[in-house]
Every structure is written in structure tokens, then in C-alpha cells.
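This is what each chain is made of:
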Amino acid sequence: MRKTVVAGNWKMNKTPAQTTELINELKPLVAGSENKCIVCVPYTNLANALEAVRGTEIEVGAQNMYFEESGAYTGEIAPNMLTEMGVKYVIIGHSERRQYFNETDETVNKKVLKAFEHDLIPIICVGESLEQREQGITFELVALQTKIALLGLTADQVKKCIIAYEPIWAIGTGKTATSEQAQEVCAKIRETVASVYGNDAAEEIIIQYGGSVNAGNSAELFAKSDIDGGLVGGASLKANDFSVIVNS
Ligand code: 13P
């Protein structure tokens, strides 16, 4: 039985002090939840987040990292900078990074491989644009994004990955995919993983849905057989809403 995993992607929101405040508000609301709760905060807020979650089940993730160990890469963050702090998860290849910061399937793959060298669990984002959906290429595209992201991993590593299916047209738009639309693409991702890494890996990998998940639609989405939780943007910035989603 796969666990339901809900991650909040705070994007470029909240200061360090506001991070402490929001997590302190969230803590009692998700205490004792059967589901896993992760907060992915800006780099500058990681220390406050790690301090605030101490002694709870809440885990902390970063929103990106670079694929080199160290060196002349001004403005980038290396994986050991995250792990030494106690960070366990890292979002890789979010569509906003692909769109605004030139991330490609190839850089996503390099980052995923590097994450595993440091025992960081990648939350790998895939998903189609509205144009691609209308062209009828969603399944092929998402399958290809998944295959390239995971290239070079062993089946045991694939089992530990989290893949977030985030249709770009549903992000921040209030236009959620229907639970049927989300389920059929998540099933396709699982089928793709099975075809390359075998049934065991496909059974264990966590596949989330992301895109306008809120307190009113999370339960229906997470009830689908191939949707193992969510990657939540806007609604993760409100403790009450996010706790309802985590407890779905
Ligand atoms: P919203 O939940 O704000 O639509 O954002 C989704 C997302 O991009 C999470 O990574």
C-alpha cells in the first residue's frame, strides 16, 4: 500500500520569519496524520523551516538544486549544501523552472542523478501545456518526460522517487484537472515506469497530482487509484487549507 504524500511548493513566497510562523500554525493541524507532509520552501527559509519542524513528522524540501558538486556557478545551490542542513527532498524540473529558467529534460535528468548521489529524494515534475493537450500528445509527452528524467537510475532508486504530474494549464489558474483526467495521466506514468523498471518499481513509486489542488478537491483526487497525493502551490500558503489537503 503506497502512502499518501502531500508536498507544499511555496514557490517564491514567505520570508524566514513568516516561514516559522506558518509552520508553527500548521504543526498542530497535521499532527498525527497518516499521510506524509512535506514543505518545500525557498532556500533562504530552509534553516527556519528545519528548526520549526523539529520533533514533528513534517519534512522539508528545497525547490531546486544544481547538478554539480561545487564550483564557479554563481547563484546556484549544491546538493551537499542541502543535505548538511537536513533537507531530505528536492523538487526538480518544475514547469516554472522549465519555462522561465531554461530547464530541459536533460538538466532534469542530471539533477535527478545528482540528487541520488546525495540521498536526496527528488520530486520530479512533468506535465503538458494546454496546446499540447489540445494536440492530443499528453500521454506521449508525459511518458517521454518521465523516461528521460529517470534515465540511468536503478529500479531501486526509481522506487524512491516522487513524480508530480502537473498539467501546466492547471497551475495557479484555479482550473483543476478533473479527477478522471489526472488519474488517466498518472496511470500512464505508472505504466511507463513499469515498462522500463518493472512492476515492483511501478507499484512503489509515489505519483502526485499538482495544479489548483485545494481543500475542496483534494479528497476526490487522492481517492483515485494512481494518485498518491499532491504537489500544492497556492493552497499550501494557508495552514488551514493545507492541513485539510494533508489530511485528505
Ligand atoms: P497551484 O496549486 O497554485 O496551482 O500550483 C501548483 C504547483 O505548481 C505546485 O508545484
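Look up a bit, the structure's there.
Residues numbered from 1 in each chain as written. Predicted model: local features only at pLDDT ≥ 70, side-chain atom pairs only at ≥ 80, totals over all residues. Heavy atoms only, no water.

A. Spotlight on the nonpolar core. Counting 61 residues, the largest nonpolar core has V39, L150 and Y209 as its most contacted members. Broken down by element, this core gets its largest block of residues, 6 residues, from helix α9 (residues 179-197). Excluding residues within four positions of it along the chain, V39 makes contact with G8, W10, I23, L26, I58, E59, V60, G61 and F242. Judged by nonpolar contacts, the second largest core, of 12 residues, contains V5, A7, I91 and I206. (Core = buried A, V, L, I, M, F, W, Y, C linked by side-chain atoms within 4.5 Å. Buried < 20%, exposed > 50% of the residue type's maximum accessible area, 1.4 Å probe, protein only. Helix = DSSP H or I, 4+ residues; strand = E, 2+ residues; numbered from the N terminus. Contact = heavy atoms within 4.5 Å.)

B. A look at unusual backbone geometry. A positive phi angle is found at N102, which is not glycine, with a value near 60 degrees. By the element assignment, N102 lies in the loop between α4 (95-100) and α5 (105-117). The phi dihedral of S212 falls on the positive side, at around 55 degrees, and the residue is not glycine.

C. Representation of the side chain of H118 within the structure. Within the secondary structure, H118 is located in the loop between α5 and β5 (121-126). There is a polar contact of 2.9 Å between the side chain of H118 and the side chain of E69. Those residues in contact with H118, other than ones at most four positions away along the chain, are E69, P79, N80 and T83. (Polar contact = N/O pair within 3.5 Å; in protein donor to acceptor, adjacent residues only side chain to side chain.)

D. Up close: the environment of L82. Assignment of secondary structure puts L82 in helix α3 (residues 79-85). Overall, L82 belongs to the buried group, its relative accessible area being 1%. Apart from the residues within four sequence positions on either side, L82 is in contact with Y43, L46, A62, N64, M65, I77, V87, V90 and L120.

E. Inspection of the site of the ligand at higher detail. Neighbouring the ligand are 13 residues; K11, H94, G172, S212 and G234 lie closest to it. G234 places a main-chain nitrogen or oxygen 2.8 Å from an oxygen atom of the ligand. (Near = heavy atom within 4 Å.)

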